[in-house]
Amino acid sequence: MNEKCEQYSHLIPDYCLGLLDKDTHAEIEALLPTCPELAELVTNYQDLAEPLLYSVPPANAPAHLLENIMLETRPTAKTRRLKINISPTMWRNLAAGLTILILFVSSNFYWYQRTHDLQQELSGLSDELRLSQQQDTTLAGYVENDGDLMTNNLNMDAAQQQIPIGISMNNSLTTNNLTQINNYSPMNTANLLNTQVNDQYASLVWSQGSTMDTWLGVFSAQNFAMNSTDSIYQLWLNRRNEAPLSVGVFGVNDLGNGLLVFEVEEPIESFDSISVTNEPVTGSFIPTTDPIITADLHNWVNLDSGFE
Amino acid sequence: MNTEANPKNNPSGQAQAQRLQPDQILMQKICQRDQSALASLYERFGNAVYGLALHVGQNQTVAEEVTQDVFMKIWERADQWDVKRGKLSTWILAMTRNAAIDRLRKDNRKVDFSTAPLDKVVNLLAVEDWQQGQQLRILLQQLPPEQAQIVQLSFFGGLSHTDMADMLDIPLGTIKTRLRLGLQKLRDLWLEKKS
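In this numbering scheme, every chain counts its residues from 1 along its sequence in written order. Chains carry letters from A onward and ligands carry numbers from 1 onward, assigned in written order. Only residues with pLDDT of at least 70 are given local features in this predicted model, and only at 80 or more are side-chain atom pairs given and counted; all residues enter the totals for whole chains, interfaces and linings. Processing note: side-chain calculations cover all non-hydrogen atoms of the structure and skip hydrogens and water entirely.

Novice: Describe the overall build of chain B, with residues and values.
Specialist: Numbering of helices and strands runs from the N terminus, with a helix taken as a DSSP run of H or I at least four residues long and a strand as a DSSP run of E at least two residues long. Within chain B, the regular secondary structure consists of eight helices and zero strands. Each helix (α) and strand (β) of chain B, taken in turn from the N terminus, gives the series α-α-α-α-α-α-α-α. Whether a residue is buried, partly exposed or exposed follows from its accessible area with a 1.4 Å probe, protein chains only, as a fraction of its type maximum: under 20%, in between, or over 50%, in that order. Counting the 195 residues in chain B, one finds 46% classified as buried. Contacts in chain B between residues far apart in sequence, at least 24 positions, make up 64% of those at least 6 positions apart. Carbon and sulfur atoms make up 46% of the accessible area of chain B, which totals about 10100 Å². Throughout, a contact is declared for two residues whenever any of their heavy atoms are within 4.5 Å. Each accessible area is a Shrake-Rupley result for a 1.4 Å probe, and residues are judged covered by the shown protein chains and nothing else.

Spelled out as structure tokens, the structure:
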């Protein structure tokens, strides 16, 4: 018997009793034609294997064996199987119920998401409004408060927010000489004008100066497009049948925010409108482009009555 | 009326139908986790299983553990018994033999087999099977002792030729010859007895 045949010799009783797995049984079957000794073992055990099992007499098994077996096989929480008979109708009802539940949950989830998104949007709009109001308040504060405070506040805020302060056309007011605003005292009510074109916002707050012969204006631009290196924004005061009066030029930072403080010798509310145009970096005597933003000055709001 | 053709009217057919049915019903109940059915199975085969386990393992403690293992396997694999492949008693005893041999291998023990004297029958498996088994046992005693020993080592010990040669310190060729001759003679005697 060669090694392979010898390897299977001890499995021949199981082979004859039909106890081997399919693969092993097939392996032995395939070997038999080439292993005469293995085949002889099969021939002998074919008739003897089963009766040999019964050739050993039974013996008295200890009583505790059955108890042990019953203990091992008793039902536990894990192995206990609950038998539920479910009819086809019940299955259909269960399936329908499950479908409705899934639709209900999905629908609720969708509306929850929608509500959440709307709330986010509302929150964003509220922030914008608050910011806008804050700026209005700030602008009003610049004019209403004591000149020193206004200057400091304006400078501080502009510096903090990195908002460039424009250059007014009045030589007495420069970006670095805002202390001249100290001359102004908040004796007169401040006026506010807001305007928006597309996503660009503009606010103008003005008040009559302490000398009563000049008017101070603070113009705030928000979300304006950044200027190119060879252009600048210019603010005009417009009156019908007259050439526009330039009050200053300003640039904006990368957030599109800019500031311009100016003074004029006429009441600002005596003009019809303000407008902003895009001009060459040196400024222009008259507007050379169409206004980016225009606001009717007659729509101003008195801050004392509408703003506290 | 052909009584033989109609199994209901055929006494032996009726007995045969009755003999098969209890085993199938019993195993079905065990599949359904009926402990009383397992207890009933133990009542019928417990002593036979224990006796075979004791014969192979030659150790009482081992025999008890093997018996428990066998009935646990039956509990878990009741669905694997197929009436078409053989009798339930044969399936159980074959499982017992293998479990006992596996235990021997696990313990790395090799046991010697001597033909035990006939004991009083404690529990009859099925009368016919037991009677035939006893006859074969008697025939086994008629073999030369060295051949009987090799036959038992082969069948009840699950040893290969090489294992037996190593264990008995006998040449491999001698082992093969003794086994071949022993099985041939036993088979001849057995077939002669049956006929």
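And the narrative resumes.
Novice: With reference to specific residues and values, describe the nonpolar core.
Specialist: For our purposes a nonpolar core is just a set of buried Ala, Val, Leu, Ile, Met, Phe, Trp, Tyr and Cys residues, chained together by side-chain atoms within 4.5 Å. Core analysis: the largest hydrophobic core is formed by 82 residues, its most contacted members being A:Tyr45, B:Met27, B:Leu41, B:Phe71, B:Ile74, B:Ile92 and B:Leu186. Per element, the largest residue contribution to this core is eleven residues, and it comes from helix 2 (residues 35-57) of chain B. In contact with A:Tyr45, not counting residues within four places along its chain, are A:Ile12, A:Pro13, A:Cys16, A:Leu52, B:Val151, B:Ser154, B:Phe155, B:Leu179 and B:Leu183.

Novice: Quick one: what's the story with the interface of chain B and chain A, residue by residue and with numbers?
Specialist: Contacts between the two partners involve 57 residues from chain B and, on the opposite side, 42 residues from chain A. Regarding the contact of chain B and chain A, the summed buried area is about 4700 Å², with carbon and sulfur atoms giving 65% of it. For salt bridges, the criterion is a side-chain nitrogen of Lys or Arg within 4 Å of an Asp or Glu carboxyl oxygen. Inspection of the chain B/chain A interface yields four salt bridges. The closest approach of N and O atoms between A:Asp47 and B:Arg187, which form a salt bridge, is 2.7 Å. Top contributing element to the side of chain B that touches chain A by residue count: helix 2 of chain B, with 13 residues. Grouping the constituent residues of the side of chain B that touches chain A by class yields 25 nonpolar, 19 polar and 13 charged. Summed over both partners, the accessible surface that disappears when two parts come together, traced with a 1.4 Å probe, is what is meant by buried area. Here the nonpolar group is Ala, Val, Leu, Ile, Met, Phe, Trp, Tyr, Cys and Pro; Asp, Glu, Lys and Arg are the charged ones; every other residue, Gly included, is treated as polar.

Novice: Residue-level account of helix 6 (residues 145-155) of chain B, with values.
Specialist: Residue pairs spaced three or four apart in an α-helix point in one direction, given the helix's 3.6 residues per turn. Burial within helix 6 of chain B is extensive, with nine of its eleven residues counted as buried. Taken as a whole, helix 6 of chain B has its buried residues at B:Gln147, B:Ala148, B:Gln149, B:Ile150, B:Val151, B:Gln152, B:Leu153, B:Ser154 and B:Phe155.

Novice: Account for unusual backbone geometry, naming residues and giving values.
Specialist: Positive phi, normally seen in glycine, also occurs at A:Asn223, with a value near 65°. Since its relative accessible area comes to 40%, A:Asn223 is described here as partly exposed.

Novice: Describe the side chain of B:Ser154, with residues and values.
Specialist: Counting through the fold element by element, B:Ser154 comes out in helix 6. Beyond its immediate chain neighbours, meaning those up to four positions away, B:Ser154 contacts A:Tyr45, B:Arg97, B:Leu159, B:Met164 and B:Leu179.

Novice: Describe a nonpolar patch on the surface, listing the residues and the values that go with them.
Specialist: Residue and element names in this part refer to chain A. To count toward a patch, a residue needs a relative accessible area over 30% and no salt bridge; like charges are then connected within 9 Å, while nonpolar side chains (Val, Leu, Ile, Met, Phe, Trp, Tyr) are connected within 5 Å. Where nonpolar side chains cluster on the molecular surface, the patch consists of Leu98, Leu101, Ile102, Phe104 and Val105 and spans about 510 Å² of accessible area. Tracing the sequence through the fold places Val105 in helix 6 (residues 88-144). Classification of Val105 by relative accessible area gives partly exposed; the value is 48%.

Novice: Please set out the environment of B:Gly157 residue by residue, giving values where relevant.
Specialist: Residue and element names in this part refer to chain B. Residue position: Gly157 is located in the loop between helix 6 and helix 7 (161-168). Once the C-alpha coordinates of Gly157 and Arg97 are considered, the two residues, 60 residues apart in sequence, prove to be 8.7 Å apart. In contact with Gly157, other than residues within four places in its own chain, are Ile101, Phe113 and Gln152.

Novice: So what's going on with the state of the cysteines? Residues and values would help.
Specialist: Residue and element names in this part refer to chain A. Our working definition of a disulfide is a cysteine sulfur pair at a distance within 2.5 Å. Summed over the entire model, instances satisfying the criterion amount to one disulfide over all chains. Between the sulfur atoms of Cys5 and its disulfide partner Cys35 the distance amounts to 1.6 Å. Residues Cys5 and Cys35 are joined through a disulfide that is left-handed, its torsion about the S-S bond being -55°. Of this pair, Cys5 sits in helix 1 (residues 3-8) while Cys35 is found in the loop between helix 3 (22-31) and helix 4 (36-53), placing the two residues 30 residues apart along the sequence. On the basis of relative accessible area, Cys35 is assigned to the buried category, the value being 1%.

Novice: Describe the pattern of salt bridges, and please don't skip the residues or the numbers.
Specialist: Pairs may arise between side chains of opposite charge once their charged atoms sit close together. All names here are of chain A. Applying the stated criterion across every chain, the model contains eleven salt bridges over all chains. The partner of Arg239 in a salt bridge is Glu266, and the shortest N-O contact between them spans 2.7 Å. With Arg239 in the loop between strand 5 (231-238) and strand 6 (245-250) and Glu266 in the loop between strand 7 (258-264) and strand 8 (273-280), this residue pair connects regions lying 27 residues apart in the sequence. Classification of Arg239 as buried rests on a relative accessible area of 18%. On the basis of relative accessible area, Glu266 is assigned to the partly exposed category, the value being 32%.

Novice: For the packing of aromatic side chains, give the residues involved together with the corresponding values.
Specialist: Here a pair means two rings of Phe, Tyr or Trp (six-membered ring of Trp) with centres within 6.5 Å. Their orientation is stacked below 30 degrees between planes, edge-to-face above 60, and tilted elsewhere. Overall, the coordinates contain eight aromatic pairs over all chains when judged by the stated rule. Ring centres of A:Tyr110 and A:Trp111 lie 4.9 Å apart, and the angle between their planes is 70°; this geometry places the pair in the edge-to-face category. An angle of 25° between the planes, with centres 5.6 Å apart, marks the rings of A:Tyr233 and A:Phe250 as stacked. Separated by 17 residues along the polypeptide, A:Tyr233 in strand 5 and A:Phe250 in strand 6 bring together distant segments of the chain. No difference in accessibility class separates A:Tyr233 from A:Phe250, as the two residues are buried. Here the aromatic residues A:Phe219, A:Phe224, A:Tyr233 and A:Phe250 are joined through ring pairs into a cluster of three or more. One Lys or Arg, B:Arg97, reaches over the ring of B:Phe155 and ends 4.6 Å from the middle of that ring. We call a charge positioned above a ring when the Lys NZ or Arg CZ atom is no farther than 6 Å from the ring centre and deviates by at most 35 degrees from the ring normal.

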